[in-house]
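# Observations on the model geometry
Chain residues, written in single-letter form:
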Amino acid sequence: MDYKNAGVDIEAGYKSVELMKEHVKGTMRPEVMGGLGGFSGAFSAAAFKEMDEPVLLSGTDGVGTKLKLAFLMDKHNTVGIDCVAMCVNDVACAGGEPLFFLDYIACGKNVPEKIAEIVSGVAEGCKQSGAALVGGETAEMPGFYPEYEYDLAGFAVGAVDKKDLITGEKLAAGDVLIGMASSGVHSNGFSLVRKVFEQELTAEGLNTYYEELGTTLGEALIAPTKIYVKALKSVKDAGITIKACSHITGGGFYENIPRMLKECTRAVVKKDSYAVPAIFRLLADKGNIEEEMMYNTYNMGLGMILAVDPADVDKAMEAIRSAEEIPYVVGSIEAGDKGVTLC
């Protein structure tokens, strides 16, 4: 009896590392010290030593049951982008620059080519956010996970000068809310998505083209989460103060927008200020989901919302467009009980 007979193939692990090295190499930053394969990832403090009061920020998250879709479609090169996005967007909406990222993959069986495909998506997410992929872990766990399934999670670390932290404390009535377009469902609420589309979760169903979506159902649902790091940096580099910022993830508008507010301020969002993507209309209609529940579960087409002074709106919109994201003026801040009003 040996480890391989018990279900863990060490040689496959070595091969996975070799196959992923090319992807990882493309994420490197000057501050990274050492290469892939060490016991820890080393990152020089030179990235933030010039800050007056450097503050480290961290974020951790996973992809959730969206992975079930990846298994069904046998498409594994985009879920890594989701994993990175869920972490670095949280760091960025606090005003931080993501510096480095680590991933964790747990699988029933280590298929090196599949692991490398997953990591290629993680690396792409790191490139989009400017973070270095400094390490990770692939755990082969036979008997714990089904042979051809896996879980994926990650951890990001960023930095910001204390004076540039986005806290919401500078919010005032009259400030304007700008939303940035999402790519679709992103990586939240997929347990409900899978319940609604239960009959369509087959190769044939996911490959069915929907006129209103302009693509197949599978491609619409698996579209990777938008990464807003460059857009938020573009706004900052334009000299604009972002007074508050919210990453719209699980919990939708009703849970996430209040997190950016200070006491005695209320966000008012106009639902007709932008076009809700067709995937959400299809999901609501097919699942007979009430509108309030949709806005309480999904991003409804806005993955990031920020508040700026009215005088900065045009300049902020242009900065976002220059980062190739789509902005909308979606509402404003009013005095009142802390919370959000959709109208």
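Residues numbered from 1 in each chain as written. Predicted model: local features only at pLDDT ≥ 70, side-chain atom pairs only at ≥ 80, totals over all residues. Heavy atoms only, no water.

## Here we look at the overall build of the protein chain
When helices and strands are tallied, the protein chain shows 12 helices and 14 strands. For 343 residues, the compact-globule formula gives about 20 Å, and the C-alpha radius of gyration of the protein chain, at 21 Å, lands near that figure. Its C-alpha atoms give the protein chain principal-axis dimensions of about 70 × 55 × 30 Å. Within the protein chain, buried positions represent 51% of all 343 residues. In the protein chain, 85% of the contacts between residues at least 6 apart in sequence involve partners at least 24 apart. Working note: accessible area of the protein chain is about 15,700 Å², and carbon and sulfur atoms make up 51% of it. (Helix = DSSP H or I, 4+ residues; strand = E, 2+ residues; numbered from the N terminus. Rg over C-alpha atoms; globule rule 2.2 N^0.38 Å. Buried < 20%, exposed > 50% of the residue type's maximum accessible area, 1.4 Å probe, protein only. Contact = heavy atoms within 4.5 Å. Areas by Shrake-Rupley, 256 points an atom, 1.4 Å probe, with all protein chains shown as cover.)

## Some thoughts on the sheet that holds strand 13 (residues 327–335)
Strand order in the open sheet made by the six strands is 10-12-7-13-11-14, with mixed pairing throughout. Taken across any chain shown, the strands that pair with only one partner, and hence form the sheet edges, are strand 10 (244–247) and strand 14 (339–342). For this sheet, the mean angle separating the axes of adjacent strands, direction not counted, is 25°. Inspection of the sheet shows strand 7 (residues 176–181) paired to strand 13 by five bridges, in the antiparallel sense. In the strand pairing of strand 13, L177 is matched with G331. (Pairing = 2+ DSSP bridges. Axes fitted to C-alpha atoms, helices over the stretch in contact; angles between N-to-C directions.)

## A short note on helix 3 (residues 79–92)
Between its terminal C-alpha atoms helix 3 stretches 20 Å, which fits the 20 Å expected from 14 residues at 1.5 Å a residue. If you look at helix 3, its biggest bend is around 25°, right at A85. Judged by how many residues are buried, helix 3 sits mostly within the fold: 13 of 14 residues are covered. (Expected span 1.5 Å × (residues − 1). Bend = angle between axes of the 7 residues up to and from the residue.)

## Description of the sheet that holds strand 4 (residues 97–107)
Read from one edge to the other, the open sheet built from four strands follows the order 3-6-4-5, with strand pairing classed as mixed. With partners counted over all chains shown, the strands left at the sheet margins are strand 3 (54–62) and strand 5 (132–140), one partner each. Sheet twist, expressed as the mean angle between neighbouring strand axes with direction ignored, is 15°. Those strands touched by helix 3 are strand 3, strand 4 and strand 6 (150–161), and its axis lies near 30° from that of strand 6.

## Here's the deal with the packing of aromatic side chains
What the rule picks out here adds up to six aromatic pairs. Ring geometry for F43 versus F100: centroids 5.1 Å apart, planes at 45°, classification tilted. Of this pair, F43 sits in strand 2 (residues 42–43) while F100 sits in strand 4; the two residues are 57 residues apart in sequence, bridging distant segments of the chain. This pair shows no difference in class: F43 is buried, exactly as F100 is. Plain terms: the ring middles of F71 and Y150 are 4.9 Å apart, the flat faces sit at 75° to each other, and that makes the pair edge-to-face. On the criterion of sequence distance, the pair formed by F71 in helix 2 (residues 66–73) and Y150 in strand 6 is long-range, its members being 79 residues apart. For the pair shown, F71 and Y150 are each scored as buried. (Phe/Tyr/Trp six-rings, centres within 6.5 Å; stacked < 30°, edge-to-face > 60°.)

## Examining unusual backbone geometry
Notably, D74 is not glycine yet its phi reads approximately 50°, a positive angle. Within the secondary structure, D74 sits in the loop between helix 2 and helix 3. According to the relative accessible area criterion, D74 is exposed, its value standing at 56%. With phi around 70°, C264 is a residue other than glycine that occupies positive phi space. Relative to the helices and strands, C264 resides in the loop between helix 9 (252–256) and strand 11 (265–269).

## Details of the pattern of salt bridges
For side chains of opposite charge, pairing can occur when their charged atoms come near one another. With the rule as written, the count across this model stands at 16 salt bridges. A salt bridge links K68 to E149; its shortest N-O distance comes to 3.5 Å. Of the two residues, K68 is situated in helix 2 and E149 in the loop between strand 5 and strand 6; the sequence distance between them amounts to 81 residues. On the basis of relative accessible area, K68 is assigned to the partly exposed category, the value being 35%. Owing to a relative accessible area of 23%, E149 belongs among the partly exposed residues under this scheme. Between K243 and D175 there is a salt bridge; the shortest N-O distance is 3.1 Å. Taken as a pair, K243 in the loop between helix 8 (229–237) and strand 10 and D175 in the loop between strand 6 and strand 7 lie far apart in primary sequence, 68 residues in all. Per residue, the accessibility class of K243 equals that of D175, and both read buried. (Salt bridge = Lys/Arg side-chain N within 4 Å of Asp/Glu carboxyl O.)

## As for helix 2
Taken together, the buried positions of helix 2 are K66, L67, L69, A70 and F71. A positive phi of about 50° marks D74, the residue just after helix 2.

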